[in-house]
Amino acid sequence: MTLLGMRGIGKRFLGVRVLSGVDLDTAAGEVHAVVGENGAGKSTLMKILAGVHVPDEGTIEIDGRPVAFGHPLEAQRAGVAIIYQEFNLLPDRSVAENVFLGREPARRGLVDRAAMEAETRRLLDELGETSFGPRDAVRRLSVAQQQVVEIVKALSVDARIIVMDEPTASLAEHEVELLYTLVRRLQRRGLAVLYISHRLREVFDLAQRVTVLKDGARVTTVPTAEVGPDELVRLMVGRELRDYFPPRAAPGEIGEVRLSVRGGGNGRLRGIDLDLRAGEITGLAGLQGSGRTELVKALFGAEPFAEGRMEPRRPRSVRDGVAAGIGLVTEDRKAEGLALRQSVRDNALLVARATAGRQARGDVRALLERVRLSPPDPEQEVRYLSGGNQQKVVLAKWMTVGPAVLLLDEPTRGVDVGAKAAIHDLMRQLARDGTAILMISSELPELIGMSDRVVVMRDGRIAGELPAGSSEEAIMRLAASGEAT
Amino acid sequence: MKRTLPILVVLAVLLAAIALVNPFFLEPAGFLAFVKRAAPLVILAAGQYFVIVSGEFDLSVGSLVTVEVVVAARLIDGQESATWWVLLLLIAVGLLVGLLNGVVTTALRVPSFITTLGMMLILSGAVFLWTGGAPRGALSEAFRTFGRGNLGPVPWSVLILLAAGAAAILLMRSDFGRRLVATGDNERAAALSGVRVARTRILAFVLSGAAAAITGILLGGFAGVSAQVGQGLEFSAITAVVLGGVALGGGRGSVVAAMAGALTLEALFTLLNLYGISGALEFTVQGVIIIAAVAVGALRLPAWLAKHPPRKQGDTHVA
Amino acid sequence: MNGQSLKQAGRPARPAVAALREIDPTKVIYLALAATLVIGWVLVAVDGGDFLTVETIVGIQQRSAALGIVAVGQTLAILAGSLDLSVAYLISLCSLVAAETMAGRDGGIAAGVAAVLAVSALVGLVNGMVITRLRVHAFIATLGTALIIKGVVDHLYDGPAGSVPDSFQRLGYDRIGPVPVSALLWAAVAAAAWFLLRRTRLGHRIYAVGGDEEVARLSGVRTDRVVVLTHVLCSVCAGVAGLLLAARLGAGAPTVGTDGGYDLESIAAVVLGGTALAGGKGGVAGTVGGVLLLAVLDSVFNQLEVNSFFKDVVRGLVIVIAVAVYARRRKGRQI
């Protein structure tokens, strides 16, 4: 029987349609996977369910009764709990205090610690969790353990629908197995679990049904038993309009080695051998936790290599890296890329002002036109720009110093299609002008479309290298098992 | 410039109100007297601005001003010949105190509130330990000239204020200024762009120390030597900066607005005096106004947030 | 298999290991307190004096009671991620309110105490409302309140005023054996605050709001209400300290709060006790240790007849060094 029914859900942000007419239903005791590419609308749909966003269209029913959530608490009271990738826990408080935050059990007006801890203990036991107790400070727990705390928190509010957003994203391999056990226990208790994941293996291991979203709409909902991985991929990725990518580098366009590492290593990386050449775009693939971001940060000098040789030099700090002609476009542009309250001009010139002499500036407006910022207004505050325009400003920031090597970590994440094409063009143009580019992307079609070759990482090492135009399957196989085709 | 406008309007209104009651204010001499009185606080506010815009506090400036004045009086002890080297020494003391504040805050990761609070205790303790509890000695005539003398019709302190103000504006337009604001706005983004975040902040504290030294030199001449000369000035300076629309926490606001905030505060005092509100109630009015000013500034934010909901988690689908 | 399975989360892994290096700052402060007592005892003994006399111990308690009470209130405000710069002027105001209301009459004691509690609670309410409703930074809001109170007090009074009946003055000086009544009052306030933080919902929520306001809000905590209540409690503590000081002086005094430097000193004592200035972490036990440490230092210096200005220097150094030590322990988790 249906526990949750979402019908015709639609949502726009600032006039951009991100969801339209999405249906989703789930039953008690079901694990229901929700899959789709980045930007397909999974997170927005789940946030609507959790009361974080209010839908513009559509209805939500729980047990056949219509509900409307204006605040996360209302969703919580209706039995919906969401576990974000970023946990909502207080690191300095105990497990029990976190579980009961805002709902502390009281006896005669006083917090009943014993009851709080006993109930937490009971729920932990029920989940088979014995590695930590109710009194432990959350700060001392591993990511997997903190996830358990979030689940206990959900259970303690009598949640009947639990949304898990990429629950394995930060887990190590053996922790994923434990999570499986947990999810199955929740299922046996009669809860509905909405499981958002990019990892198809998990979808087939855990879910009974899977809903595929694409471009803000539902493609289909099918029992996992009736669909194969290839079919599912086709449903998610297959699009009428293939993305346009600029032509790859012709053989003659790839020039000398601009950066080379031999035996690079630090706490997270081992035995890195890599050459980046002028005119070439190298794609960097790997699963979550494989060390992709760590590698670009090491090359750049933000989290330097502790060992190994690097040419022209091994940067020991960001300034070293910049001096060696390396630039890094970080994954999280709001936290690490931009000073949001400053103008486009101030952001675009930040690297030049921090590291180069006066001669490095040039004409800001011309630069903004070159990165196709629209409109190219240098006085605008960056926080008012769209994601795509913000990313163009980050690129402009590095172009002022004309780096020999540009490292791009998810350069088109959260960027609209138009800006994405503009960024792709710009990357190719920079390469043609002699920049060596290393690009991380989680979107394999993009990685394959843009790269002149693909380097695959696994467990902090380079697992192998694939030529231009390799298939997604080949990359995945290398990333997941280390086996080349 | 947009954001400097409100405080300039408020300042203009206050100045007009003063002129209405006191026509002498419109004459050069009257206006210059006002600017002269305001100069020390304006300079101190400019120094405090550098620290605040980088995301920190400097609570030590009040006692640093006292230290400067007391040290000057004891070392000069009435001898004209000692004036110049003492002046140099005072500036050096200001720079050194700022340097210490900055290094302790950045290298030892002590919140600047605590660092400069500790510095405040240390400075006031140390200087009276040295002088034996009360200010001793006397300033020289040459020294006093800066605070009370004129060059032709223009007070020295006004000239010094103009020079300091121009320097502050130029600094904020320079690469250093832009790096400083970027650091206060997003430390991590600044660091990953190659900004030496710690060094930038230390320099802000040094500038604040220098401003306190200049303020001390002006106040020594203007107000004379006393153990209370710098008392509460740290809060006045912070008030002035915030009044100018500069956000505590860093990354927002201009140095012009901060200095205008200090002038506004002085204009407010002048006006209250003219209207016969006693010295004590000045504080009450000041308290109400600072809360009101900041509240009005803050209340615009929720309206903005309603239009642009924060997206804390995960990826954005909004282009 | 598909491309999407390569997505990387936007979150860096949490540095769980860094936590293991941490040591409870409360232990550090009490170790420092013990060490100071021992060193002080040795120094005074070498100097030919006797440190651990009844007078010294009583003195330490007397000295620390008023600051201790204010600092307990300040602890609550700081734990909730706020702070209160208005306590010093509020203390002065409350001493005057008490002395004027009591006007030397025994019968006026109840009214005086009630008036002080009402006035201080009102000031706390205003602080809290300005911070939460008008969204003014706590630093500015309480600084503004401080100036408002200062203006009113200075406008109305030039010097000591009112008088406190003898029976009420006993609060200031009486003692039971070696324990002054004022110290008992402090202990009671501290115990109440400890109990509040540990055993009441409000206490738990104060930590939550100071730790991460967004998390607290999403968990259903009415964060604004918590901040307002915390400020009311903090101000009431300042009011109680005002009562105590009025009992000591026998009258109200317009400068008694600022002369004691209770605003910044109370913040310093809280931070010295290991409570994080940013909130969410720490507690009353540390604050009590911090206040005692400052009082013991004072006492040692007094016995050694060290210049009082030297005490300020040492005090400043101790505070900065202590916080630097705590910051070092937390280093791993800073950005």
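Reading the values: the criteria
Residues numbered from 1 in each chain as written. Chains lettered and ligands numbered in written order. Predicted model: local features only at pLDDT ≥ 70, side-chain atom pairs only at ≥ 80, totals over all residues. Heavy atoms only, no water. pLDDT = per-residue confidence, 0-100. Contact = heavy atoms within 4.5 Å. Phe/Tyr/Trp six-rings, centres within 6.5 Å; stacked < 30°, edge-to-face > 60°. Buried < 20%, exposed > 50% of the residue type's maximum accessible area, 1.4 Å probe, protein only. Helix = DSSP H or I, 4+ residues; strand = E, 2+ residues; numbered from the N terminus. Lys NZ or Arg CZ within 6 Å of the ring centre and 35° of its normal. Pairing = 2+ DSSP bridges. Axes fitted to C-alpha atoms, helices over the stretch in contact; angles between N-to-C directions. Left-handed = near helix turned anticlockwise from the far one by under 90°. Nonpolar A, V, L, I, M, F, W, Y, C, P; charged D, E, K, R; others polar. Salt bridge = Lys/Arg side-chain N within 4 Å of Asp/Glu carboxyl O. Polar contact = N/O pair within 3.5 Å; in protein donor to acceptor, adjacent residues only side chain to side chain.

**A short note on the confidence of the model for chain C**
Any segment with low pLDDT has predicted coordinates that should not be analysed in fine detail.
Residue and element names in this part refer to chain C.
Turning to step 1, where the next piece is worked out: Per-residue confidence for chain C averages 86 on the pLDDT scale, and 91% of its residues sit at or above 70.
Turning to step 2, where the next piece is worked out: Overall, residues 331–335 carries pLDDT values under 50, and its contacts beyond four positions in sequence, including any with other chains, amount to eleven contacts.
Turning to step 3, where the next piece is worked out: At the level of chain-chain contacts, confidence expressed as ipTM amounts to 0.82, with global pTM at 0.85.

**With respect to the packing of aromatic side chains**
Turning to step 1, where the next piece is worked out: Evaluation of the coordinates by the stated rule reveals 13 aromatic pairs over all chains.
Turning to step 2, where the next piece is worked out: Each ring, one from Tyr 49 of chain B and one from Phe 50 of chain B, has its centre 5.9 Å from the other, and the planes form 65°; the classification is edge-to-face.
Turning to step 3, where the next piece is worked out: Overall, Tyr 49 of chain B belongs to the buried group, its relative accessible area being 1%.
Turning to step 4, where the next piece is worked out: With a relative accessible area of 4%, Phe 50 of chain B lands in the buried category.
Turning to step 5, where the next piece is worked out: Judged by centre distance (6.2 Å) and plane angle (65°), the ring pair of Phe 146 of chain B and Trp 156 of chain B falls under edge-to-face. Linking Phe 146 of chain B in helix H6 (residues 141–148) with Trp 156 of chain B in helix H7 (residues 156–173), this pair joins segments that are ten residues apart in sequence.
Turning to step 6, where the next piece is worked out: An aromatic cluster is defined as three or more aromatic residues linked by ring pairs; in this entry it consists of Phe 57, Phe 113 and Phe 235 of chain B together with Phe 139 of chain C.
Turning to step 7, where the next piece is worked out: The ring of Trp 130 of chain B carries the charged tip of Arg 74 of chain B above its face, separated from the ring centre by 4.6 Å.
Turning to step 8, where the next piece is worked out: Over the aromatic face of Phe 283 of chain B sits the side chain of Lys 150 of chain C, whose NZ or CZ is 4.3 Å from the ring centroid.

**Focus on the sheet that holds strand S3 (residues 31–36) of chain A**
All names here are of chain A.
Turning to step 1, where the next piece is worked out: Across the sheet, six strands lie side by side as S6-S9-S10-S3-S11-S12; this open sheet has mixed pairing. Two strands close off the open sheet at either side, each with one partner strand: strand S6 (80–83) and strand S12 (217–223). Ignoring strand direction, the axes of neighbouring strands in this sheet form an average angle of 20°.

**Here we look at the packing of helix H3 (residues 87–102) of chain C against helix H5 (residues 138–156) of chain C**
Residue and element names in this part refer to chain C.
Turning to step 1, where the next piece is worked out: Here H3 crosses H5 at 35°, and the two axes come no closer than 9 Å. Here H3 and H5 pass one another in a crossing that is left-handed. Together, Tyr 89, Leu 90, Leu 93 and Leu 96 of H3 and Ala 146, Ile 149, Lys 150 and Val 153 of H5 make up the contact between the two elements.
Turning to step 2, where the next piece is worked out: Across the contact of H3 with H5, the residue classes tally to seven nonpolar, no polar and one charged.

**Looking at the interface of chain A and chain B**
Turning to step 1, where the next piece is worked out: Tallying the contact residues gives 46 residues for chain A and 29 residues for chain B.
Turning to step 2, where the next piece is worked out: Along the contact surface separating chain A from chain B lie three salt bridges.
Turning to step 3, where the next piece is worked out: Run the count over chain A and chain B and you get 13 residue pairs in polar contact (both at pLDDT 80 or more).
Turning to step 4, where the next piece is worked out: Among the elements of the structure, helix H1 (42–49), helix H9 (292–300), helix H10 (318–323), helix H11 (333–337), helix H13 (350–355) and helix H15 (387–399) of chain A are those that each provide at least two residues to the side of chain A that touches chain B.
Turning to step 5, where the next piece is worked out: Ranked by residues supplied to the side of chain A that touches chain B, first place goes to H13 of chain A with five residues.
Turning to step 6, where the next piece is worked out: Taken together, the residues that form the side of chain A that touches chain B break down as 17 nonpolar, 14 polar and 15 charged.

**With respect to the sheet that holds strand S14 (residues 272–277) of chain A**
Residue and element names in this part refer to chain A.
Turning to step 1, where the next piece is worked out: The strand order across the open sheet built from three strands is S14-S13-S16, with neighbouring strands paired in antiparallel fashion. Sheet topology places S14 and strand S16 (307–311) at the edges, where each strand pairs with a single neighbour. The mean inter-strand angle of the sheet, taken between neighbouring strand axes irrespective of direction, is 5°.
Turning to step 2, where the next piece is worked out: By the bridge criterion, four bridges tie strand S13 (residues 257–265) to S16 in an arrangement that is antiparallel. Bridging across to S16, Ser 260 finds its partner in Glu 311.
Turning to step 3, where the next piece is worked out: Packing of H9 onto the sheet brings it into contact with S13, S14 and S16, and relative to S14 it is tilted by some 70°.

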